[in-house]
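Here is how the chains run, residue by residue.
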Amino acid sequence: MSKVESIDLKNYKKIKKIGAGSFGEVFMIEEKKTGKQFAAKISSKYFFDKNVEEIKNLTREIEIISKISHPSVIQFIGFSKTDFEEEDKPVIVTDYAPNGSLNDMIQLERSSEPKPEWTETRKLIN
């Protein structure tokens, strides 16, 4: 993971939990210096517990998402090998999507409760 610059989580503070998945929990975090909000995906597994294949997969994911630059894709900000408590749990930091994920928007649409910003143009773009 030497190609991807590590970030120092001491420059951020956790605001609130916004989700969870197979990787771990997702938190809204805030950069202390600027007040800008980001999302931090914190692994539920310790880094040293991961087998070689899991480490390769994590490395590959980080290398791929760090290279993607597209308006429809959440921007990768950085990676830390340790979490906010300095435990060996990997953390991926991305831009924060205040309207939730695309899946969230689709579920709202299906339940006939779309957000006002979910216009026909926005649907076509996504």
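See the structure shown above.
Throughout, a residue's number is its position along its own chain's written sequence, starting from 1. With the structure being a predicted model, the display of local features is reserved for residues of pLDDT at least 70 and the display and counting of side-chain atom pairs for 80 or more, all residues being used for whole-chain, interface and lining totals. As a convention, hydrogens and water are excluded, and side-chain values are obtained from all of the structure's heavy atoms.

Participant: Lay out the pattern of salt bridges with the relevant residues and their values.
Facilitator: By convention in these notes, a salt bridge is any Lys or Arg side-chain nitrogen within 4 Å of a carboxyl oxygen on Asp or Glu. The final tally for this structure, using the stated rule, is nine salt bridges. Of the charged contacts in the structure, one is a salt bridge between lysine 36 and aspartate 95, with a shortest N-O distance of 3.8 Å. On the criterion of sequence distance, the pair formed by lysine 36 in the loop between strand E2 (24-31) and strand E3 (37-43) and aspartate 95 in strand E5 (residues 91-95) is long-range, its members being 59 residues apart. The class of aspartate 95 is partly exposed, set by a relative accessible area of 24%. Between lysine 123 and glutamate 120 there is a salt bridge; the shortest N-O distance is 3.0 Å. Taken as a pair, lysine 123 and glutamate 120 lie in helix H3 (residues 120-125) at a separation of three residues, close to a single helical turn. Salt bridges here are not isolated pairs; linked through shared partners, they connect Glu109, Glu120 and Lys123. We count a stretch as a helix when DSSP gives it H or I for four or more residues in a row; a strand needs E for two or more, and each element gets its number in order from the N terminus. The buried label applies to any residue whose accessible area, calculated with a 1.4 Å probe on protein chains only, is under 20% of its type's maximum; exposed applies above 50%, and partly exposed to all values in between.

Participant: Pulling in residues and values, what's your account of the pairing of E5?
Facilitator: Within E5, four of the five residues are buried, leaving the element largely enclosed by the surrounding structure. We call two strands paired when DSSP finds no fewer than two bridges between them. Relative to E5, E3 runs antiparallel, the two sharing five bridges. Looking across to E5, one finds that lysine 41 is bridged to isoleucine 92. Where strand E4 (residues 76-80) and E5 come together, four bridges link them in antiparallel fashion.

Participant: Give a description of the environment of leucine 102 that names residues and reports values.
Facilitator: Looking at where leucine 102 falls in the secondary structure, it is placed in helix H2 (residues 102-110). Taking the C-alpha atoms as reference points, leucine 102 and lysine 123, separated by 21 residues in sequence, lie 9.8 Å from one another. Excluding residues that lie within four positions of it along the chain, leucine 102 makes contacts with Trp118 and Asn126. Only heavy atoms matter for contacts: two residues are in contact if any of them lie within 4.5 Å across the pair.

Participant: Run through the packing of aromatic side chains, naming residues and quoting values.
Facilitator: Working definition: a ring pair exists when centres of Phe, Tyr or Trp rings (six-membered ring for Trp) sit within 6.5 Å. Plane angles under 30 degrees give stacked, over 60 give edge-to-face, the rest tilted. Applying the stated rule across the entire model yields one aromatic pair. Ring geometry for tyrosine 12 versus phenylalanine 38: centroids 5.9 Å apart, planes at 80 degrees, classification edge-to-face. Remark: phenylalanine 38 occurs in strand E3 and tyrosine 12 occurs in strand E1 (residues 12-20); sequence separation between them is 26 residues. According to the relative accessible area criterion, phenylalanine 38 is buried, its value standing at 5%.

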